[in-house]
Amino acid sequence: MKNADPGPVAALAIAAGASANGAYTAGWIPASPGALLGTGIITLVTGIVLLVITAVGLMRNSIGDNPGTTMFAAPIFGIFGLVWLNIGGCMIFWQDGMQYPMGYLMIFVTLYALAYVYYSWRLKIPSHILLFVMVVIGCGASALGNLGLWAIGGMVCGVVFFLLMFVALYIVFKEQLVAILPPKE
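Read on for a plain summary of the structure.

Section: the packing of helix α4 (residues 99-122) against helix α5 (residues 126-146)
Right, on to step 1. The geometry of α4 relative to α5 is characterised by a closest axis approach of 8 Å and an angle of 160° between their N-to-C directions. One element, α4, and the other, α5, form an angle in the roughly antiparallel class. Pair α4 / α5 crosses with left-handed handedness.

Printed below as a string of structure tokens:
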């Protein structure tokens, strides 16, 4: 019997967080303290799920069938889990002036995601290349918006992250879950 692959749960968490956060950041959800708090909670839960998935994967090498897959996935889920926790916490406790630290966090995420564009390309995983290119574009736009360098940066980030939801869902249902189904006879 194989260990369960927690990857689909992580990708579903990313899809949920990306859809809520993207819709709010794009301005499709009317700005209000309740909407900010709700989006912050969803974002925070996304981070918690990603950290749990990282721990499960590292404890039992269950993120994939081989240690190489686990070592590719675990840092992604772990770092992005912490990023989602930070963003969620900032949204929940938002105050004026927080946009600047958020902008610098987005610069870090942009550079980190650029590395995974390269690694995904080396591993020949087209869906992950697309996913990380979208993270680079969205977080780069967010950084520019938060630092006051591009007025529509936040809105662009929101649209890109909302679309990222569909890429995450594709990865869950087409690549990960289909891979474990028995072959058709």
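Some points on the nonpolar core
Right, on to step 1. Grouped together as the largest cluster of nonpolar side chains are 44 residues, with contacts concentrated most on F80, M106, V109 and F132.
Right, on to step 2. For this core, the elements supplying multiple residues, two or more each, are α1 (7-25), α2 (33-60), α3 (67-92), α4, α5 and α6 (153-180).
Right, on to step 3. Among the elements that line this core, the one with the most residues is α3, at 10 residues.
Right, on to step 4. Leaving out residues up to four positions away in the same chain, F80 has contacts with L50, P75, V109, Y112, A113, F132 and V135.

Digging into the environment of Y100
Right, on to step 1. The topology assignment puts Y100 in helix α4.
Right, on to step 2. Judged by relative accessible area, Y100 falls into the partly exposed class, the value being 43%.
Right, on to step 3. Sequence-wise, Y100 and L123 are 23 residues apart; in three dimensions their C-alpha atoms are separated by 35 Å.

Some details on α5
In an α-helix, one turn spans 3.6 residues; hence positions three or four apart end up facing the same way.
Right, on to step 1. The end-to-end C-alpha separation of α5 is 30 Å, in line with the 30 Å expected for 21 residues at 1.5 Å each.
Right, on to step 2. Once α5 ends, the next one or two residues include G148, with phi positive near 75°.

Describing α4
Right, on to step 1. Over its 24 residues, α4 extends 34 Å from the first C-alpha to the last, a length consistent with the 34 Å expected when each residue adds 1.5 Å.
Right, on to step 2. For α4, the full list of buried residues reads M102, G103, L105, M106, V109, T110, Y112, A113, Y116, V117 and S120.
Right, on to step 3. Immediately downstream of α4, the backbone of K124 shows phi near 60°, a positive value.

Quick word on the side chain of N146
Right, on to step 1. Along the chain, N146 falls in helix α5.
Right, on to step 2. Apart from the residues within four sequence positions on either side, N146 is in contact with Q99, Y100, M102, G103 and M106.

Side note on the packing of aromatic side chains
Between two aromatic rings, the relevant description is the distance of the centres plus the angle of the planes.
Right, on to step 1. One pass over the full model with this rule turns up 12 aromatic pairs.
Right, on to step 2. Between Y116 and Y119, the aromatic rings sit 5.6 Å apart at their centres with planes inclined by 65°, giving edge-to-face as the arrangement. Of this pair, Y116 and Y119 both sit in helix α4, 3 residues apart, roughly one helical turn.
Right, on to step 3. Joined through ring pairs, the aromatic side chains of F72, F80, F108, Y112, Y116, Y118, Y119, W121 and F132 make up one cluster.

Examining the side chain of S19
Right, on to step 1. Inspection of the secondary structure assignment puts S19 in helix α1.
Right, on to step 2. Contacts of S19, omitting those with residues within four sequence positions, involve F161, F162 and M165.

Reading the values: the criteria
Residues numbered from 1 in each chain as written. Predicted model: local features only at pLDDT ≥ 70, side-chain atom pairs only at ≥ 80, totals over all residues. Heavy atoms only, no water. Axes fitted to C-alpha atoms, helices over the stretch in contact; angles between N-to-C directions. Helix = DSSP H or I, 4+ residues; strand = E, 2+ residues; numbered from the N terminus. Parallel < 35°, antiparallel > 145°, perpendicular 65-115°, else oblique. Left-handed = near helix turned anticlockwise from the far one by under 90°. Core = buried A, V, L, I, M, F, W, Y, C linked by side-chain atoms within 4.5 Å. Buried < 20%, exposed > 50% of the residue type's maximum accessible area, 1.4 Å probe, protein only. Contact = heavy atoms within 4.5 Å. Expected span 1.5 Å × (residues − 1). Phe/Tyr/Trp six-rings, centres within 6.5 Å; stacked < 30°, edge-to-face > 60°.

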